[in-house]
Amino acid sequence: MNARSASLVLVGLLALSLNLRAALSAYPPLLGEVRESLGIAAGTAGAAQTGAILAMAAGSLIGPRVGARFGAVRALGGSVGLVALGSLVRGVPALAALFAGTLVIGLGIGVAGVLLTAVVKDRLAARAGAVSGAYVVAMMLGSTIVSALAVPVAVALGGWSYSLALWAVPALLAVAIWVAIMRGDTGARDGSATTPRRLPWRDPFARLAAMYQSGVSLTVYGSLTWVAPAYVDRGWSPATAGLLIAVWSVAQMPSALIVPTLADRSGHFRRWALLMASCVVVAVLGMVLLPEPPVVGAWLWVALIGIGCGAGFPLGLSVIAHRTADPAASAATSGLALGVGYTVAGIGPLLMGVLVDLTHGYAAALLVLLGAAVLQIVATIGIGDHRREAAAATT
């Protein structure tokens, strides 16, 4: 693959990745306005986001078959097209449109997440860690920008539905880039001629990868959902507690970009993944046992958990790219890992909410994040390092 084609694929991956959290991140800041406009309860409003995460799980599980049927490059273009379509559907200010559009967006994100790994394996395998980190940073950047702009855009355009629909524009731009990539694609290298791979439920490495992604995903969505409310319960203002999530988000970006690159160069996935999981362990124990230490306060804990979350996800994707035999195997393994991971991510925050209600506090809920980190550590030890490719190729 020549340098120009590789560069175009990289640009396409980054453009697509900007949309893989952005559309869903536009909804929470507008949730109050949505409830008031549609006259719905908080549980109903929250169910839309939970449904999106479960749709992501479904998309991850069917993603390998979609990629095998149409080719990973073409299927990626179609998946971001679903994100654009879902965003447009949410432009209709009605409950049915909100749910339908959000589910379509989640499905598109789930399929795309699986096929990204397959394309990286096929086109940019030598830089799998760096590329995985770069597109995860792009996801975070898109999420941060959209979260900040969702409410001002709604005010400027005259309604929450218009704000949600606007984020179809960057998705359509990503589709345009992928059309250019598809025009220059022969289909011979992207898996379009392969027999669909079944999800490798019996493969020990795939099961460990699923366990790892479950721990990472639960940590990400659990901390995103419950860290700020835990500090509001301690007397912080909602605005200040919201800044904790901003620090959490910012801390993820350099971690996601730097750590997978270092792991790639050294071939030591296990060393770096254990270090990131340890950051989460220290952060959760800090929030439970010493929630407001002198000088730095809670900011240290959220920065540490952000560092662990930020690198954890791309490390899991890059080790799949390194340890699978071909793009189809990579898609099948990542499909299983992300499908299981997103399912846990959809259920975990609900479990944490139940614990908050039962215990009338947040310590038990936060300890769920500690359990997620332990799950990640156990999986990491079992997975080993990047360079066990020969063993993986035989499974």
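Residues numbered from 1 in each chain as written. Predicted model: local features only at pLDDT ≥ 70, side-chain atom pairs only at ≥ 80, totals over all residues. Heavy atoms only, no water.

Student: So what's going on with the confidence of the model for the chain? Residues and values would help.
Tutor: Of the residues in the chain, 91% reach a pLDDT of 70 or more, and the chain-wide mean stands at 84. Confidence drops under pLDDT 50 across residues 187–193; counting only partners more than four residues distant or on other chains, this segment forms 19 contacts. Across residues 388–395, where pLDDT falls below 50, the model places eight contacts with residues more than four positions away in sequence or in other chains. (pLDDT = per-residue confidence, 0-100. Contact = heavy atoms within 4.5 Å.)

Student: Now, about helix H13 (residues 299–323): what can you tell me, with residues and values included?
Tutor: Taking 1.5 Å per residue, 25 residues should reach 36 Å; H13 reaches 36 Å between its end C-alpha atoms and fits that length. Of all the 25 residues making up H13, 21 are buried; the element is thus mostly covered by neighbouring parts of the structure. (Helix = DSSP H or I, 4+ residues; strand = E, 2+ residues; numbered from the N terminus. Expected span 1.5 Å × (residues − 1). Buried < 20%, exposed > 50% of the residue type's maximum accessible area, 1.4 Å probe, protein only.)

Student: Explain the environment of Val11 to me, using residue names and the numbers behind them.
Tutor: Inspection of the secondary structure puts Val11 in helix H1 (residues 3–17). Residue Val11 is classed as partly exposed on the basis of its relative accessible area of 44%. Sequence spacing of Val11 and Trp178 is 167 residues, and the spatial spacing of their C-alpha atoms is 9.5 Å.

Student: Give a description of the packing of aromatic side chains that names residues and reports values.
Tutor: Under the defined criterion, the tally for this structure stands at four aromatic pairs. Among the aromatic residues, those joined into a ring-pair cluster are Tyr231, Trp236 and Trp299. Above the ring of Phe70, the side-chain terminus of Arg69 is found at 4.9 Å from the ring centroid. (Phe/Tyr/Trp six-rings, centres within 6.5 Å; stacked < 30°, edge-to-face > 60°. Lys NZ or Arg CZ within 6 Å of the ring centre and 35° of its normal.)

Student: So what's going on with the packing of helix H10 (residues 204–233) against helix H11 (residues 238–266)? Which residues, and what values?
Tutor: A packed helix pair is summarised by two numbers, namely the angle formed by the two axes and the spacing between the axes. Axis separation between H10 and H11 bottoms out at 8 Å; the angle between their running directions is 150°. As judged from the angle between their axes, H10 and H11 are roughly antiparallel. Judged by the sense of rotation from one axis to the other, the crossing of H10 with H11 is right-handed. Two secondary-structure elements touch here, H10 through Val220, Ser223, Leu224, Val227, Ala228, Tyr231 and Val232 and H11 through Pro238, Ala241, Leu244, Ile245 and Trp248. The residue inventory of the contact of H10 with H11, partitioned by class, reads 11 nonpolar, one polar and no charged. (Axes fitted to C-alpha atoms, helices over the stretch in contact; angles between N-to-C directions. Parallel < 35°, antiparallel > 145°, perpendicular 65-115°, else oblique. Left-handed = near helix turned anticlockwise from the far one by under 90°. Nonpolar A, V, L, I, M, F, W, Y, C, P; charged D, E, K, R; others polar.)

Student: Run through the nonpolar core, naming residues and quoting values.
Tutor: Counting residues in hydrophobic clusters, the biggest one holds 100 residues, and the most contacted among them are Leu13, Leu76, Ile305 and Leu315. Looking at this core element by element, the count peaks at 12 residues for H10. Leaving out residues up to four positions away in the same chain, Ile305 has contacts with Thr219, Ser223, Trp248, Val280, Ala283, Val284, Met287 and Leu369. (Core = buried A, V, L, I, M, F, W, Y, C linked by side-chain atoms within 4.5 Å.)

Student: Would you mind going over helix H14 (residues 327–359) in detail, with residue names and values included?
Tutor: With 33 residues, H14 should reach 48 Å at 1.5 Å per residue; the first-to-last C-alpha distance of 47 Å fits that figure. The backbone nitrogen of Ala329 has a side-chain oxygen 2.7 Å away, supplied by the residue at the start of H14, namely Asp326. Among the residues trailing H14, His360 stands out with phi positive, at a value near 55°. (Polar contact = N/O pair within 3.5 Å; in protein donor to acceptor, adjacent residues only side chain to side chain.)

Student: Can you break down the packing of H10 against helix H15 (residues 363–383) residue by residue, with the values?
Tutor: Interhelical geometry of H10 versus H15 gives an angle of 155° and a closest axis separation of 8 Å. When the interaxial angle is binned, H10 and H15 end up roughly antiparallel. Two packed elements cross with a definite hand, and for H10 against H15 that hand is left-handed. Tallied by class, the residues present in the contact of H10 with H15 amount to 17 nonpolar, eight polar and no charged.

Student: Provide a residue-level description of the pattern of salt bridges, including the pertinent values.
Tutor: According to the stated counting rule, one finds one salt bridge in the structure shown. Across the pair Arg234 and Glu292 runs a salt bridge, and its minimum N-O distance is 3.1 Å. Highlighted residues: Arg234 in the loop between H10 and H11 and Glu292 in the loop between helix H12 (269–289) and H13, separated in sequence by 58 residues. (Salt bridge = Lys/Arg side-chain N within 4 Å of Asp/Glu carboxyl O.)

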